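In case you want the letters, here they are:
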Number of protein chains: 2
Amino acid sequence: MKELQSEYQCAINLVIDLIGGKWKVLLLWHLNEGDKRFNELRRTIPEITRKMLTQQLRELEGHGLVKRTVFEEVPPRVVYSTTDFGRKLQPVLYGMCQWGDDYAEEQGIQMNSCWTGQDFMKK
Amino acid sequence: MKELQSEYQCAINLVIDLIGGKWKVLLLWHLNEGDKRFNELRRTIPEITRKMLTQQLRELEGHGLVKRTVFEEVPPRVVYSTTDFGRKLQPVLYGMCQWGDDYAEEQGIQMNSCWTGQDFMKK
DNA sequence: CTGTATCCCCGAGGATACTG
DNA sequence: CAGTATCCTCGGGGATACAG
């Protein structure tokens, strides 16, 4: 598990350590849509391997951005959700998405929009 | 040079391709403080190598987020600045920084604040 | 279903020397 | 000053098999 430093020159460096991983922003984004199970996330992000999914989720959990809830059943059921703090990032992620959409439009890039922004705006 | 895809499932994936590089967010952040020369950036981010700095700047430039201005002098002078579009990301970066600051405070992480947020807020 | 455990490859990126 | 050009290492991350 990647440890955070005890001191940072600038908050942006801390943020990069927290959500700079290859899949973390994507995971947080999808978890902000709603709680998700392990294989549900795999289906949402088909390119991710089990190993990477586990690892990135564990780091997000370790840093307090994601909560992991295990239901003691057979077969096992595990649900991932964002913590209050992870959820605080939502406006930022949303801003990123908007900016990305702007970029795509300006550059004529196609978007198969899994766009959850509207839901967010209603709040 | 890393090419963008012609189509994305979701804007967040595009954003990750645009600024997901190891140093890109950091570079954009520092360039938002003001235009900077090559070695100035190296001093600001001592851990980055010349190679990486060049490469990441070239990608940002290629994607239209950063502008590179060469002054034909001896010795050469090259100034990097954010484009209008790159600048549009500033509120997002600022939001990330605020969130990082919150996190640091909650977790008791030390911050040697190169904090340019205040300047931003005045606008 | 939700993961570990292993093995292994490949390419991001560091170190260093050189250049216009 | 602002980069290229080379070489080489190292670990991120894929593939696969196995486990509770």
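Rules behind the numbers
- Residues numbered from 1 in each chain as written.
- Chains lettered and ligands numbered in written order.
- Predicted model: local features only at pLDDT ≥ 70, side-chain atom pairs only at ≥ 80, totals over all residues.
- Heavy atoms only, no water.
- Helix = DSSP H or I, 4+ residues; strand = E, 2+ residues; numbered from the N terminus.
- Buried < 20%, exposed > 50% of the residue type's maximum accessible area, 1.4 Å probe, protein only.
- Contact = heavy atoms within 4.5 Å.
- Areas by Shrake-Rupley, 256 points an atom, 1.4 Å probe, with all protein chains shown as cover.
- Lys, Arg positive; Asp, Glu negative; His and termini not counted.
- Charge placed at Lys NZ, Arg CZ, Asp CG, Glu CD.
- Disulfide = S-S within 2.5 Å.
- Pairing = 2+ DSSP bridges.
- Core = buried A, V, L, I, M, F, W, Y, C linked by side-chain atoms within 4.5 Å.
- Axes fitted to C-alpha atoms, helices over the stretch in contact; angles between N-to-C directions.
- Near = heavy atom within 4 Å.
- Polar contact = N/O pair within 3.5 Å; in protein donor to acceptor, adjacent residues only side chain to side chain.
- Nonpolar A, V, L, I, M, F, W, Y, C, P; charged D, E, K, R; others polar.

Student: Would you mind going over the overall build of chain A with me for this structure?
Tutor: Summing up its helical and strand segments, chain A has 7 helices and 5 strands in all. Going from the N terminus to the C terminus, chain A shows its helices and strands as β-α-α-β-α-α-β-β-α-α-β-α. Its C-alpha atoms put chain A at 50 × 40 × 30 Å along the principal axes. Residues classed as buried in chain A amount to 47% of the 123 residues present. A sequence separation of at least 24 residues applies to 49% of the contacts in chain A between residues at least 6 apart. For chain A, the exposed surface amounts to about 6600 Å²; the carbon and sulfur share of it is 48%. Between the averaged position of the 17 positive side-chain charges in chain A and that of its 17 negative side-chain charges there is a distance of 7 Å.

Student: Could you clarify how one ought to interpret the state of the cysteines in this entry?
Tutor: Here, the word disulfide means a covalent bond between the sulfur atoms of two cysteines. Counted under the stated rule, the structure contains 0 disulfides over all chains. In this model C97 of chain B remains outside any disulfide bridge; the closest cysteine sulfur is found in C10 of chain A, 4.5 Å from its own.

Student: What should I look at first to understand the pairing of strand 4 (residues 77–82) of chain A in this one?
Tutor: Sheet faces and side chains relate simply in a regular strand, where the side chains alternate between the two faces. All names here are of chain A. Most of strand 4 sits out of view: 5 of its 6 residues are buried. Summarising the sheet, strand 2 (residues 36–37) and strand 4 pair through 2 bridges and their orientation is antiparallel. From the neighbouring strand, R37 faces strand 4, where its bridge partner is V79. Relative to strand 4, strand 3 (residues 66–71) is paired through 6 bridges, and the arrangement is antiparallel. Bridging from a neighbouring strand, K67 pairs with S81 of strand 4.

Student: I keep staring at the nonpolar core and nothing clicks. Help me out?
Tutor: Judged by nonpolar contacts, the single largest core of 72 residues is most densely connected at I19 and L65 of chain A together with I19 and L65 of chain B. Non-local contacts of L65 of chain A, meaning those with residues more than four positions away in its chain, are made with L18, I19, L28, L60, S81, T82, T83, F85 and G86 of chain A together with W99 and Y103 of chain B.

Student: Would you explain the sheet that holds strand 3 (residues 66–71) of chain B in this entry?
Tutor: Within a beta sheet, neighbouring strands are joined by backbone hydrogen bonds and run either parallel or antiparallel to one another. Residues and elements named next belong to chain B. Ordered by their spatial adjacency, 3 strands build an open sheet running 2-4-3, and the pairing between neighbours is antiparallel. Sheet topology places strand 2 (36–37) and strand 3 at the edges, where each strand pairs with a single neighbour. Of the strands in this sheet, strand 2, strand 3 and strand 4 (77–82) touch helix 2 (residues 24–33), which is tilted by about 100° from strand 4. Relative to strand 3, helix 4 (residues 50–62) is tilted by about 110°, and along the sheet it contacts strand 3 and strand 4.

Student: Help me out: how do you make sense of the protein's contact with DNA strand C in this one?
Tutor: The environment of DNA strand C is made up of 18 residues, and the closest members are R37, R58, R68 and Y80 of chain A together with K51 of chain B. Here the atoms of DNA strand C within 4 Å of the protein split so that 60% fall in sugar or phosphate, with bases taking the remainder. One of the side-chain N or O atoms of R58 of chain A is found 2.6 Å from a phosphate oxygen in DNA strand C. The backbone of P76 of chain A places a nitrogen or oxygen atom 3.5 Å from a sugar or linking oxygen of DNA strand C. Contributing elements (two or more residues each) for the surface near DNA strand C: helix 3 (38–44), helix 4 (50–62) and strand 4 of chain A together with helix 4 of chain B. The class makeup of the residues in the surface near DNA strand C is 7 nonpolar, 3 polar and 8 charged.

Student: How do you make sense of the protein's contact with DNA strand D when you look at a structure like this?
Tutor: The immediate surroundings of DNA strand D are formed by 19 residues, with K51 of chain A together with R37, R58, R68 and Y80 of chain B found nearest. Each atom of DNA strand D within 4 Å of the protein was assigned to sugar, phosphate or base; sugar and phosphate come to 58%. Between DNA strand D and the protein, one listed contact pairs a phosphate oxygen with a backbone N or O atom of V78 of chain B at 3.4 Å. Secondary-structure elements contributing two or more residues to the surface near DNA strand D are helix 4 of chain A together with helix 3 (38–44), helix 4 and strand 4 of chain B. At 4 residues, helix 4 of chain B tops the list of elements feeding residues into the surface near DNA strand D.

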